[in-house]
Amino acid sequence: MKKLLTVLTLTLTGVLSANAGTWELSCSGCHNGSLAPTKTTLLKKYHSKREFLAAVRKATEVGKMPSSLPFESAADELYGGKTAETNTTSKATTSSDEYSKYKRFFKPLPALPKIPADNPLTPEKVKLGKMLYYDPRLSRSKLISCNTCHNLSLGGDDNQKSSIGHRWRTGGRNAPTTLNSGFLRVQFWDGRAPTLEEQAKGPLQAHVEMNSTPKIVVRRLKEIPEYVELFKKAFPGEKDPVTFENVVKAIAAFERTLNTPNSPFQRYLLGDDSALTKEQKEGMKLFVKYGCIACHNGPVLSDGQFHKFKWNKDLGRYRVTKNPKDKYMFRTPQLLNVAVTAPYFHDGSVNSLEEAVKIMARKELGKEISNEDAKKIADFLRSLTGEVPLEARVLPQLPGNNPE
Ligand code: HEC
Ligand code: HEC
Ligand code: HEC
């Protein structure tokens, strides 16, 4: 009887523990029938966990999915498995872990952000968006692409103090990463664009960035027959699909796939207690205790709100609204992948993460914190670095054109 009870509890904790909801959280966003097959289709196609995981391996090897998603745990959820035991062990250590109570302040990152109804995600559109993201011919000089400043092999930014655009001009602001940008409530340091679609119109036209015009962009793309075909596929049923609106829709669709839901911290939140070092757990605790979490919260550690950061002459949100209350107000940036997106702040004036943490504590929380605590928090922030999906990082083959 006692044995039976233990087995029952084991199974129950197994079912209820970390892997409950893995599919929903980490897979269903892409596996929705348009980008990749749904759960029902997969269950019909693969009759065992083994076959399923073999298919996963194939798909990750060719770069269709990031390789370090929690596939095992999803497979256990779909097919059931010997997880009861393995999970209870991790469960046991988790609950005896003094740090686990801080987990509830954080939210795991879903595989995909919310997809707007007027710009559904399809593989054709994502493919086109990727090509446009990498294509320098959208810029007036034909030299600058989104990837110039948001380099997907460099953490989605350019590691410059402030970006250099058309004719070596600079806009004076640091380029934030495009990774996980679909999760931000508003775009830009001053929040001047509400969506990724609106955002993309900015750099294409800004004279300090790509210095192009909707007319130039559309004309150049129409001259390339392969692009016309790709637009037709991405926007089926439209008579004249090569438009500026569709250019930014495709780029935004691609950006919504640039997510990194597989960092050590993400794995920790999903139940892998060994994913963080003791220092990093300590840093997580301090991040909550000092109150960083008040502004840096939600799945990308940004509340999407504006807060005062008087730092230099940049008036921030005021430049957009002209409301005196908005002087020196900046949108909280996300912190995912922050370790690989130095330098910091809207002007890129700070190189070290420890230093950025100390400045934040001083200016946003009115606290002087010790070097040791700053180091622990910075170590925690280093656990937020995820893997950029391989499919997004591999250079696309762009169609050639006749020189103008
Ligand atoms: C970023 C998007 C994305 C995420 C997140 C994702 N997948 Fe995929 N997955 C894909 C794509 C794209 C394919 C390839 C589909 C195709 O070839 O038609 C694929 C293929 C697969 C296949 C093989 C399907 C087949 O028919 O051969 C399996 C199994 C699978 N994924 C399981 C998972 C599981 C489990 C998770 C969550 C842990 C997951 N995927 C998360 C995009 C994703
Ligand atoms: C010359 C460098 C440069 C180029 C080229 C460029 N960007 Fe940017 N990007 C920046 C800078 C600098 C900012 C911040 C500007 C600000 O907030 O005022 C920014 C901001 C962004 C943001 C907002 C992220 C956030 O956290 O708010 C996104 C998304 C983005 N760019 C995407 C793109 C796309 C898509 C393209 C191509 C169409 C592109 N960028 C081209 C430099 C560049
Ligand atoms: C009151 C809200 C608030 C609090 C509290 C807060 N931050 Fe920030 N954080 C911001 C804002 C706003 C910015 C953008 C500042 C700017 O304009 O450059 C920022 C920027 C940052 C950056 C730079 C990110 C980048 O990409 O440049 C880091 C790192 C950071 N915060 C960490 C922390 C840490 C660690 C704490 C706790 C010690 C903390 N923050 C507390 C609002 C806050």
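Sequence order as written defines the numbering, with residues in each chain counted from 1. Each chain takes a letter, starting from A, and each ligand takes a number, starting from 1, following the order in which they are written. Reporting of local features is limited, given that this is a predicted model, to residues whose pLDDT is at least 70; pairs of side-chain atoms are given and counted only at 80 or more, and all residues count toward the totals for whole chains, interfaces and linings.

A.B. asks: Outline the overall build of the protein chain, listing residues and values.
C.D. replies: Secondary structure elements are defined from DSSP: runs of H or I of at least 4 residues count as helices, runs of E of at least 2 residues count as strands, and each element is numbered from the N terminus. Scanning the protein chain from N- to C-terminus turns up 18 helices and two strands. A burial count over the protein chain gives 41% of its 404 residues as buried. Any residue with 12 or fewer other C-beta atoms within 10 Å of its own C-beta is exposed, any with 20 or more is buried, and the rest are partly exposed; the C-beta atoms used are placed from the backbone.

A.B. asks: Go over the site of ligand 1, please, and point to the residues and values.
C.D. replies: Each residue gets a C-beta atom placed from its backbone. If that atom is within 6 Å of a molecule or strand, the residue is near it. The environment of ligand 1 is made up of 23 residues, and the closest members are Cys27, Cys30, Ala36, Ala59 and Ala111. Of all elements in the fold, only α2 (22–27), α3 (39–45), α4 (49–61) and α5 (71–79) reach the threshold of two or more residues within the shell around ligand 1. Looking at the shell around ligand 1, the element that brings in the most residues is α4, giving four residues. Class assignment for the residues of the shell around ligand 1 results in 17 nonpolar, four polar and two charged. Under the grouping applied here, Gly and all other residues not named as nonpolar or charged are polar, the nonpolar ones being Ala, Val, Leu, Ile, Met, Phe, Trp, Tyr, Cys and Pro and the charged ones Asp, Glu, Lys and Arg.

A.B. asks: Give me the lowdown on the confidence of the model for the protein chain, citing residues and values where you can.
C.D. replies: Predictor confidence is given residue by residue as pLDDT, running from a minimum of 0 to a maximum of 100. Mean pLDDT over the protein chain stands at 88; residues scoring 70 or higher make up 90%. With pLDDT under 50 throughout, residues 1–19 is counted as low confidence; its partners more than four residues away or in other chains account for 24 contacts. Throughout, a pair of residues is in contact if the C-beta atoms placed from their backbones lie within 7 Å.

A.B. asks: Give me the site of ligand 2: which residues, what numbers.
C.D. replies: Not every one of the 26 residues close to ligand 2 is listed here, only the nearest: Cys146, Cys149, Gly165, Pro176 and Pro203. Contributing elements (two or more residues each) for the shell around ligand 2: α8 (146–149) and α9 (196–205). Residues of the shell around ligand 2, tallied by class, amount to 15 nonpolar, nine polar and two charged.

A.B. asks: Can you explain the environment of alanine 378? Please cite residues and give values.
C.D. replies: Within the secondary structure, alanine 378 sits in helix α17 (residues 371–382). Since 21 C-beta atoms lie within 10 Å of it, alanine 378 is described here as buried. As for alanine 378 and valine 357, which are separated by 21 residues in sequence, their C-alpha atoms are 7.0 Å apart. Contacts of alanine 378, omitting those with residues within four sequence positions, involve Leu353, Glu354 and Val357.

A.B. asks: Now, about the nonpolar core: what can you tell me, with residues and values included?
C.D. replies: By definition, a nonpolar core groups buried Ala, Val, Leu, Ile, Met, Phe, Trp, Tyr and Cys residues that are joined through C-beta atoms within 7 Å. If you look at the biggest cluster of nonpolar residues, it comprises 38 residues, and the most contacted ones within it are Leu132, Phe231, Ala250 and Ile251. Mapped by element, the contributors of at least two residues to this core are α5, α7 (123–134), α9, α10 (214–222), α11 (225–234) and α12 (244–255). Of all the elements, α12 adds the most residues to this core, at seven residues. Domain ranges listed in this record stem from an automatic or a database domain assignment. A domain-level breakdown of this core finds at least three residues from each of domain 1 (2–96) and domain 2 (123–258). Sequence-distant contacts of isoleucine 251, that is, excluding residues within four places in its chain, are made with Gly129, Leu132, Tyr133, Cys146 and Ala200.

A.B. asks: Account for the UniProt feature "binding site: heme c 2" (unreviewed entry) in the protein chain, with residues named and values stated.
C.D. replies: Taking the numbering used here, the UniProt-annotated feature "binding site: heme c 2" (unreviewed entry) corresponds to Cys292, Cys295, His296 and Met360. Of the residues just listed, which span 69 residues, no C-alpha pair is farther apart than 11.2 Å, and they cluster in one region. Within the element layout of this structure, cysteine 292 appears in the loop between α14 (278–290) and β1 (306–308). The exposure class of cysteine 292 is buried, given the 21 C-beta atoms found within 10 Å. Residues contacting cysteine 292, with those up to four places away along its chain left out, are Phe287 and Met360. Among the structural elements, cysteine 295 can be located in the loop between α14 and β1. With 19 C-beta atoms packed within 10 Å, cysteine 295 lands in the partly exposed category. UniProt positions are given in the numbering used here, feature names are shortened, and annotations may be inferred rather than shown by experiment.

A.B. asks: Before we move on, can you summarise the packing of helix α16 (residues 353–365) against α17 with the specific residues and values?
C.D. replies: To obtain each axis, a line is fitted to C-alpha atoms, and for helices this fit is confined to the stretch in contact; angles are then taken between N-to-C directions over 0 to 180 degrees. For the pair α16 and α17, the least separation of the axes is 9 Å and the interaxial angle reads 115°. Comparing their axes, α17 and α16 come out roughly perpendicular. The two elements α16 and α17 cross, and the hand of that crossing is right-handed. Touching Leu353, Glu354, Val357 and Lys358 of α16 are Ala374, Lys375, Ile377, Ala378 and Leu381, all from α17. Small angles under 35 degrees read as roughly parallel and large ones over 145 as roughly antiparallel, with 65 to 115 read as roughly perpendicular and the rest as oblique. When the near helix sits turned anticlockwise from the far one by under a right angle, the crossing is termed left-handed; a clockwise turn instead gives a right-handed crossing.

A.B. asks: So what's going on with the packing of α4 against α5? Residues and values would help.
C.D. replies: Between α4 and α5, the shortest axis-to-axis distance is 10 Å and the interhelical angle comes to 145°. Note on packing geometry: the crossing formed by α4 with α5 is right-handed. Facing Lys49, Phe52, Leu53 and Val56 of α4, the residues of α5 in contact are Phe71, Ala75 and Tyr79. Class assignment for the residues of the contact of α4 with α5 results in six nonpolar, no polar and one charged.

A.B. asks: Got a sec to walk through the environment of serine 100? Specific residues and values, please.
C.D. replies: Relative to the helices and strands, serine 100 is located in the loop between α6 (83–96) and α7. On the basis of neighbour counts, which here come to 16 C-beta atoms within 10 Å, the residue serine 100 falls in the partly exposed class. Separated by 168 residues in sequence, serine 100 and tyrosine 268 place their C-alpha atoms 9.4 Å apart.

A.B. asks: Got a sec to walk through α14? Specific residues and values, please.
C.D. replies: In a helix, the anticipated span is given by 1.5 Å times the number of residues less one. Over its 13 residues, α14 runs 18 Å from end to end, which matches the ideal 18 Å to within 8%, given 1.5 Å per residue. Looking at the buried side of α14, the elements it contacts are α17. Trailing α14 by a residue or two, glycine 291 shows a phi angle of about 105°, which is positive.

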